[in-house]
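Here are the chains, one letter per residue:
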Amino acid sequence: MTTIKIVKPKLSIKSIFNMSVGFFGIQFAFALQNGNASRILQTFGAEVDHLSLSGWQRL
């Protein structure tokens, strides 16, 4: 039986920083999208209390 050694790449501080900023940007974009979606759904007559995730837990 032969064993294969997996070598992980060395990440620089710059690449770790870029990944962190990128993930933060994705989270920020989802937050903006959520805020706009609730406003649009409210225009169509949805109740704001039932749009959040905590509203689903009360069912």
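As shown above, the structure is provided for reference.
Described in the following lines is the structure provided in the data block. (Residues numbered from 1 in each chain as written. Predicted model: local features only at pLDDT ≥ 70, side-chain atom pairs only at ≥ 80, totals over all residues. Heavy atoms only, no water.)

So, the overall build of the protein chain
Helices and strands together make up the secondary structure of the protein chain, namely two helices and zero strands. Classification of the 59 residues of the protein chain by burial places 2% in the buried group. A total of about 6,100 Å² of accessible surface is found on the protein chain, and carbon and sulfur atoms cover 67% of it. (Helix = DSSP H or I, 4+ residues; strand = E, 2+ residues; numbered from the N terminus. Buried < 20%, exposed > 50% of the residue type's maximum accessible area, 1.4 Å probe, protein only. Areas by Shrake-Rupley, 256 points an atom, 1.4 Å probe, with all protein chains shown as cover.)

Some thoughts on helix 1 (residues 13–43)
Its 31 residues place the ends of helix 1 46 Å apart at the C-alpha level, agreeing with the 45 Å of an ideal helix rising 1.5 Å per residue. Within two residues after helix 1, Gly45 carries a phi angle of roughly 105 degrees, on the positive side. (Expected span 1.5 Å × (residues − 1).)

A look at a nonpolar patch on the surface
Taken together, the side chains of Leu11, Ile16, Met19, Phe23, Ile26 and Phe30 define a hydrophobic patch exposed on the protein surface, amounting to about 600 Å² of accessible area. Its location among the elements puts Met19 in helix 1. (Patch = residues over 30% accessible without salt bridge, like charges linked within 9 Å, V, L, I, M, F, W, Y side chains within 5 Å. Salt bridge = Lys/Arg side-chain N within 4 Å of Asp/Glu carboxyl O.)

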